[in-house]
Amino acid sequence: MTSIEKLLFSPLTIDGENYLAWTLDVKSNLIARDIYTTLTTDEGTTPQQKAKALVFLRHHLVEPLKLQYLNEENPRNLWTQLKDRFDHTKTIHLPRARHDWVHLRVQDHTSIAQYNSELFHITSQLTLCGQPVSDEEQLEKTLSTMHPSNMILSAQYRNMQFTRYSELIAHMLLAERHQELLMKNSKMQPPGTLP
């Protein structure tokens, strides 16, 4: 670690609210440093690897958590204790994420980009909670929650038989941009007026 002062990601909060994202950040960083095995086993790891992992874990805890686990000298034990303490957050976040998914509708957003952002936020929460959302589910959610005035457009998108959500959203974003351009041109020179 070149700069021990610099945090690579948000530290684990005292209430564990960010535990799910924090564990992903820790795992990927420790794998990149080739010291992730210190969290899974004591065999085959050197004291230096354990020390590096322990320093990294502690560095990414808020101060009150650091103090609570100050005497823990084994990164695997610290990891296990934090998991025992905070892993239940999956069950806490899951009902909210499911609720948000059920009530997500394209027609409730002012732009496709805003809807897309909200969809990815919800699906990432569901995935972190062990409930991944497939492309088919994302496609169906998007096409079935468009505004009734866009019924023909929705049917056209269905007929295109997209298999990936990213393909559909690219078409929708492009269509939205074209519509914005048409509206802008129409306002600049209303129909029926010659320059």
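Scroll up a little and you will see the structure.
Residues numbered from 1 in each chain as written. Predicted model: local features only at pLDDT ≥ 70, side-chain atom pairs only at ≥ 80, totals over all residues. Heavy atoms only, no water.

A. Spotlight on the packing of aromatic side chains. This structure, assessed with the given rule, holds six aromatic pairs. Taking the centre distance of 6.0 Å and the plane angle of 55 degrees together, the rings of Phe9 and Phe56 count as tilted. Of this pair, Phe9 sits in the segment before α1 (19-32) while Phe56 sits in helix α2 (residues 47-59), placing them 47 residues apart in sequence. Judged by its relative accessible area of 0%, Phe56 falls in the buried class. Between Tyr157 and Phe162 the ring centres are 6.4 Å apart and the planes differ by 55 degrees, which places this aromatic pair in the tilted class. This pair shows no difference in class: Tyr157 is buried, exactly as Phe162 is. Here the aromatic residues Tyr19, Trp22, Trp79 and Phe86 are joined through ring pairs into a cluster of three or more. The ring centre of Trp101 lies 5.2 Å from the NZ or CZ of Lys141, which sits over that ring. (Phe/Tyr/Trp six-rings, centres within 6.5 Å; stacked < 30°, edge-to-face > 60°. Helix = DSSP H or I, 4+ residues; strand = E, 2+ residues; numbered from the N terminus. Buried < 20%, exposed > 50% of the residue type's maximum accessible area, 1.4 Å probe, protein only. Lys NZ or Arg CZ within 6 Å of the ring centre and 35° of its normal.)

B. Highlighting the side chain of Ser154. Counting through the fold element by element, Ser154 comes out in helix α8 (residues 151-159). Residue Ser154 is classed as buried on the basis of its relative accessible area, which comes to 9%. Apart from residues lying up to four places away in sequence, Ser154 is in contact with Leu143 and Met146. (Contact = heavy atoms within 4.5 Å.)

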